[in-house]
Amino acid sequence: QVQLVESGGGLVQPGGSLRLSCAASGFTLDYYAIGWFRQAPGKEREGVACISSSDGSTHYTDSVKGRFTISRDNAENTVYLQMISLKPEDTAVYYCAALEGYGSRRYSLSEREFDYWGQGTQVTVSS
């Protein structure tokens, strides 16, 4: 019974900040990689950040490096995406997804590798 629930999206002005949450249930968070993906109208779904299973190493696509930070709170079974210096091009539906780790460090920014998905949360960056 795996479930992922995103929250925290909304409307912010350029340069603003948001923190997205991905609440996980039905599995132990440390045993899975958790990725954040986004999809804007007319664009393909893009992997933006991932925190690996096991050691919790973090990985980012180039367009968000230095602005987005992925983290996890194992006690709360929640993964966060802290976003600062937001730009209009960050506007998208943001999804979290889980990839089983097979007892070792695994990570990916490829949506095809992920097993479970949340429902998405809308982020809109506009003046």
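Residues numbered from 1 in each chain as written. Predicted model: local features only at pLDDT ≥ 70, side-chain atom pairs only at ≥ 80, totals over all residues. Heavy atoms only, no water.

Peer 1: Which parts of the structure should I look at to understand the overall build of the protein chain?
Peer 2: Scanning the protein chain for helices and strands turns up 0 helices and 11 strands. Going from N to C terminus, the protein chain has its helices and strands arranged as β-β-β-β-β-β-β-β-β-β-β. Taking 2.2 N^0.38 as the reference for a compact globule, 127 residues should give roughly 14 Å; the C-alpha atoms of the protein chain span a radius of gyration of 14 Å, in line with that estimate. Counting only C-alpha atoms and orienting by the principal axes, one finds that the protein chain spans roughly 45 × 25 × 25 Å. (Helix = DSSP H or I, 4+ residues; strand = E, 2+ residues; numbered from the N terminus. Rg over C-alpha atoms; globule rule 2.2 N^0.38 Å.)

Peer 1: Help me out: how do you make sense of unusual backbone geometry in this one?
Peer 2: Trans peptide bonds make up most of the peptide bonds, and negative phi angles are found at most residues other than glycine. One non-glycine residue with positive phi stands out, namely Ser54, at about 70°. By the secondary structure assignment, Ser54 is in the loop between strand S5 (46-51) and strand S6 (58-60). With phi around 55°, Asn77 is a residue other than glycine that occupies positive phi space. Residue Asn77 is classed as buried on the basis of its relative accessible area, which comes to 16%. (Buried < 20%, exposed > 50% of the residue type's maximum accessible area, 1.4 Å probe, protein only.)

Peer 1: Please explain the side chain of Ser52 as it appears in this structure.
Peer 2: In this structure, Ser52 sits in the loop between S5 and S6. Non-local contacts of Ser52, meaning those with residues more than four positions away in its chain, are made with Tyr32, Ala33, Ser57, His59, Arg72, Arg105, Arg106 and Tyr107. (Contact = heavy atoms within 4.5 Å.)

Peer 1: I would appreciate a short explanation of the state of the cysteines in the present structure.
Peer 2: Think of a disulfide as a covalent bridge from one cysteine sulfur atom to another cysteine sulfur atom. Under the criterion given, the structure shown has 1 disulfide. Bridging Cys22 to Cys96, the disulfide has an S-S length of 2.1 Å. Given an S-S torsion of about 70°, the disulfide between Cys22 and Cys96 has right-handed geometry. Remark: Cys96 occurs in strand S9 (residues 92-100) and Cys22 occurs in strand S3 (residues 18-25); sequence separation between them is 74 residues. The pair Cys22 / Cys96 is uniform in exposure class, with both members buried. (Disulfide = S-S within 2.5 Å.)

Peer 1: I would appreciate a short explanation of the environment of Glu6 in the present structure.
Peer 2: Within the secondary structure layout, Glu6 lies in strand S1 (residues 3-7). A relative accessible area of 4% means that Glu6 is categorised as buried. Counting along the chain gives 66 residues from Glu6 to Arg72, while the straight-line C-alpha distance between them is 14 Å. In this view, Glu6 contacts Ser21, Cys22, Trp36, Tyr94, Tyr95, Cys96, Gly118, Gln119, Gly120 and Thr121; residues no more than four positions away in its chain are not counted. Looking at Glu6, its side chain comes within polar contact range of the main-chain nitrogen of Gln119, at 2.8 Å. (Polar contact = N/O pair within 3.5 Å; in protein donor to acceptor, adjacent residues only side chain to side chain.)

Peer 1: Before we go on, may I ask you to explain the pairing of strand S4 (residues 32-39) in this structure?
Peer 2: Working note: regular strand, side chains alternate between the two faces of the sheet. Here S4 lies mainly inside the structure; 7 of its 8 residues are buried. Across 8 bridges, the pairing between S4 and S9 is antiparallel. Within S9, the position partnered with Trp36 by the bridge is Cys96. Direction of pairing for S4 relative to S5: antiparallel, over a ladder of 5 bridges. (Pairing = 2+ DSSP bridges.)

Peer 1: Would you mind going over the side chain of Thr121 with me for this structure?
Peer 2: Assignment of secondary structure puts Thr121 in strand S11 (residues 121-125). Side-chain polar atoms of Thr121 contact the backbone nitrogen of Gly9, separated by 3.2 Å. Setting aside residues up to four positions removed in sequence, Thr121 forms contacts with Glu6, Ser7, Gly8, Gly9, Leu20, Ala92, Val93 and Tyr94.

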